[in-house]
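Here is what each chain is made of, one letter per residue.
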Amino acid sequence: MLVLLGFAMIAVFMVLIMTKKLTPVLALIIVPTVFGLFAGAGLGIGPMVMDSMKSMTSTAALLMFAIIYFGLMIDVGLFDPLVRFILRKLGNDPAKVVLGTAILAAAVSLDGDGSTTFILTTAAMLPVYLRLKMSPVVLTCVAGLANGTMNILPWGGPTARAATALKLDVNEVFVPMIPSLIAGLVVVFVFAWLLGLQERNRLRAVAPEIWADGAGFDGGAGGTGGRRKADRPGGGTPAGSGSIAVLERTEELVDDRDSAMADTALDPNRATLRPKLFWFNLGLTVAVMVTLVANVIPLPFVFMVGSAIALLVNFPKVKDQGAQLIAHAPSIVAVVSMVMAAAVLTGVLNGTGMVKAMSEWLVAIIPADMGPFMAIITGVLSIPMTFFMSNDAFYFGVLPVLSETAAHYGVSAADMARASITGQPFHLQSPLVPAILLLVSLAKVDLGDHHKKVLWRTAVISLVMLATGVLTGAIGIG
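Basis of the calculations
- Residues numbered from 1 in each chain as written.
- Predicted model: local features only at pLDDT ≥ 70, side-chain atom pairs only at ≥ 80, totals over all residues.
- Heavy atoms only, no water.
- Helix = DSSP H or I, 4+ residues; strand = E, 2+ residues; numbered from the N terminus.
- Contact = heavy atoms within 4.5 Å.
- Areas by Shrake-Rupley, 256 points an atom, 1.4 Å probe, with all protein chains shown as cover.
- pLDDT = per-residue confidence, 0-100.
- Phe/Tyr/Trp six-rings, centres within 6.5 Å; stacked < 30°, edge-to-face > 60°.
- Buried < 20%, exposed > 50% of the residue type's maximum accessible area, 1.4 Å probe, protein only.
- Lys NZ or Arg CZ within 6 Å of the ring centre and 35° of its normal.
- Patch = residues over 30% accessible without salt bridge, like charges linked within 9 Å, V, L, I, M, F, W, Y side chains within 5 Å.
- Salt bridge = Lys/Arg side-chain N within 4 Å of Asp/Glu carboxyl O.
- Axes fitted to C-alpha atoms, helices over the stretch in contact; angles between N-to-C directions.
- Parallel < 35°, antiparallel > 145°, perpendicular 65-115°, else oblique.
- Left-handed = near helix turned anticlockwise from the far one by under 90°.
- Nonpolar A, V, L, I, M, F, W, Y, C, P; charged D, E, K, R; others polar.

What follows is about the overall build of the protein. Per the secondary structure count, the protein includes 25 helices and zero strands. Taking all contacts inside the protein whose residues are at least 6 apart in sequence as the whole, residues at least 24 apart take part in 77%. On the protein, roughly 19,100 Å² of surface is accessible, and the fraction owed to carbon and sulfur atoms is 69%.

Here's what the structure looks like:
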């Protein structure tokens with residue numbers, strides 16, 4: 001019964017948010033509550049949720065103050081030069097912009113922290129997407145693909161968990177999987193380029209006055225940038241002005257309903273700009289990021305202090321400080337409410353025993369003659385299982401059981417560990433992962449829309465990584 005209720009709960013939740021029958025916050029609260037009561041939790045459902053919520057408070061604080069900090073940095077103009085640099089290098093071709101997004105997200109993901117990756121990628125690229133009238137869902141999709149693939153890095157978490165659970169050296173697990181990582185990134189970049197081509201074709205349809213016949217996609221130095229020669233006095237085109245020319249013509253197309261973070265970046269004359277404090281803000285941001293990577297101070301406290309210093313220096317007046325906090329309140333409420341609501345789902349899954357029952361059932365239904373293929377089976381199972389349960393639950397609860405079973409068929413623990421991390425691209429899109437909630441909140445993208453575009457692509461990447469591991473011998477067959 002618990003197995004059926006568990007899978008049914010996940011299915012109902014996904015259907016409701018992808019069909020937009022409920023917002024993710026309401027679905028995260030209502031669906032687990034109903035199924036938890038059916039599972040016999042009774043009044044005990046309250047303590048289950050509260051226990052789970054205790055583990056979420058530090059994450060909520062981190063996301064809250066990270067939004068305040070980076071929102072403030074965008075308001076004061078710290079990222080404006082970066083956006084202009086990206087535009088000049090990538091041009092105004094949507095295909096190049098989307099590919100650039102994937103490369104940026106993959107590079108930033110080297111620090112192993114999803115929240116930092118999504119904050120920086122969104123801060124740098126969302127204004128570009130809005131300026132060029134591109135869909136922010138493409139941004140969240142590509143950023144999610146890149147970060148999920150890079151999540152198998154040893155310091156990212158899952159690889160270390162798999163190694164610890166099976167008493168292996170981390171390098172023994174990760175190094176043989178480098179070809180799989182490379183293959184996964186190649187697929188990410190292919191998907192990014194194809195999504196960029198789709199955006200290019202869509203823009204031709206929605207803004208033909210700018211993008212007709214591909215005139216707006218020249219991008220490079222000396223390009224027309226969507227402004228025909230006849231539009232310019234003398235028919236000339238200044239070198240390197242392609243992107244800016246299109247931005248001038250597309251500025252009126254930017255939808256005012258987009259996020260406050262993006263809107264401020266779109267206005268070069270906004271009142272919050274602090275050009276004289278640029279180097280101070282840059283130094284403060286570098287200090288914050290170095291502290292994050294060094295991991296010597298709890299991350300929520302780092303952003304708390306950073307936000308306080310940034311507010312105090314950039315906006316000395318109390319009235320202006322309050323206005324800045326209010327300006328970013330919508331983004332804060334959106335992401336923090338989802339984090340807190342996710343505690344209901346995780347609390348019910350763990351408290352009622354659904355997660356344990358589901359994992360035991362999956363292990364039990366594997367036929368004996370499939371034993372030699374346990375590593376491959378584990379890789380396939382890791383795709384859905386890490387989506388609806390935490391990495392800790394999967395790697396410390398399910399993987400040891402699967403590995404013990406595989407040992408009877410000659411499949412080593414190292415093979416099992418390597419196979420188990422191939423589902424990470426899919427895992428990173430789970431509503432139980434706070435970083436993905438932060439990404440969609442900053443980009444003002446509906447979680448259901450993000451899932452429609454990203455889930456099948458991450459499944460393909462996971463399967464490619466698994467297949468590459470098998471072909472290279474990193475994932476063996478008993």
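We now examine the confidence of the model for the protein. Averaged over every residue, the pLDDT of the protein is 78; residues scoring 70 or more account for 83%. Predicted confidence is poor over residues 219-266, with pLDDT under 50, and the contacts of this stretch with residues over four places away or in other chains come to 95 contacts.

This next bit is on the packing of aromatic side chains. A ring pair, where both rings are aromatic, is described by two values, the distance of the centres and the angle of the planes. What the rule picks out here adds up to four aromatic pairs. Plain terms: the ring middles of phenylalanine 278 and tryptophan 279 are 5.1 Å apart, the flat faces sit at 85° to each other, and that makes the pair edge-to-face. Note on tryptophan 279: relative accessible area 67%, which makes it exposed. Ring geometry for phenylalanine 387 versus phenylalanine 426: centroids 5.2 Å apart, planes at 55°, classification tilted. In this pair, phenylalanine 387 is assigned in helix α20 (residues 374-388) and phenylalanine 426 in helix α23 (residues 424-427), connecting sequence segments 39 residues apart. For phenylalanine 387, a relative accessible area of 8% corresponds to the buried category. By relative accessible area, phenylalanine 426 is classed as buried at 13%. One residue, arginine 457, lies across the ring of phenylalanine 191, its end atom 5.7 Å from the ring centre.

Attention now goes to the environment of alanine 310. The residue alanine 310 is located in helix α16 (residues 299-314) in this model. On the basis of relative accessible area, alanine 310 is assigned to the buried category, the value being 0%. Considering only alpha carbons, one finds alanine 310 and asparagine 281, 29 residues apart in sequence, at a separation of 7.3 Å. Dropping the residues within four chain positions of it, alanine 310 is found in contact with Tyr69, Leu72, Met73, Leu284 and Phe315.

Take a nonpolar patch on the surface next. A surface patch of nonpolar side chains, about 730 Å² in accessible area, is lined by Phe280, Val296, Ile297, Phe301, Met304, Val305, Ile309, Leu312 and Val313. If you tally residues by element for the nonpolar patch, the top one is α16, at six residues. Structurally, valine 296 is set in the loop between α15 (278-294) and α16. Owing to a relative accessible area of 62%, valine 296 belongs among the exposed residues under this scheme.

Glancing now at helix α24 (residues 434-442). In terms of burial, α24 is a largely internal element, eight of the nine residues being buried. Two residues or fewer after α24 comes lysine 444, characterised by a positive phi angle close to 55°.

Right, let's talk about unusual backbone geometry for a bit. Its identity is not glycine, yet lysine 133 carries a phi of approximately 65°, on the positive side. On the secondary structure map, lysine 133 appears in the loop between α7 (114-131) and α8 (136-150). In this model, lysine 444 sits at a positive phi of 55°, which is unusual for a non-glycine residue. Looking at where lysine 444 falls in the secondary structure, it is placed in the loop between α24 and α25 (447-472).

In this structure the tally under the stated criterion is four salt bridges. The partner of lysine 54 in a salt bridge is aspartate 51, and the shortest N-O contact between them spans 4.0 Å. With a gap of three residues between them, lysine 54 and aspartate 51 both fall in helix α3 (residues 45-54), about one helical turn apart. Two residues, aspartate 93 and arginine 200, come together in a salt bridge whose shortest N-O distance is 2.5 Å. Linking aspartate 93 in the loop between α5 (80-90) and α6 (94-108) with arginine 200 in helix α11 (residues 178-206), this pair joins segments that are 107 residues apart in sequence. Both residues of the pair, aspartate 93 and arginine 200, count as buried.

Below, the discussion takes up the packing of α6 against α11. Each pair of packed helices can be summarised by the angle the axes make with each other and by the distance between the axes. Interaxial distance between α6 and α11 falls to 7 Å at its minimum, and their mutual angle equals 150°. Here α6 is positioned roughly antiparallel relative to α11, judged by the angle of their axes. Seen along the crossing, α6 lies across α11 with a hand that is right-handed. On the side of α6, the interface is formed by Pro94, Ala95, Lys96, Val98, Leu99, Ala102, Ile103 and Ala106, while α11 contributes Leu185, Val188, Phe189, Ala192, Trp193, Leu195, Gly196, Leu197, Glu199, Arg200 and Leu203. Each residue belonging to the contact of α6 with α11 can be placed in one class, and the counts come to 15 nonpolar, one polar and three charged.

Take the environment of methionine 14 next. Mapped onto the elements, methionine 14 comes out in helix α1 (residues 2-18). Judged by its relative accessible area of 12%, methionine 14 is buried. Residues methionine 14 and histidine 451, 437 residues apart in the sequence, show an inter-C-alpha distance of 9.1 Å. Setting aside residues up to four positions removed in sequence, methionine 14 forms contacts with Phe387, His451 and Leu455.

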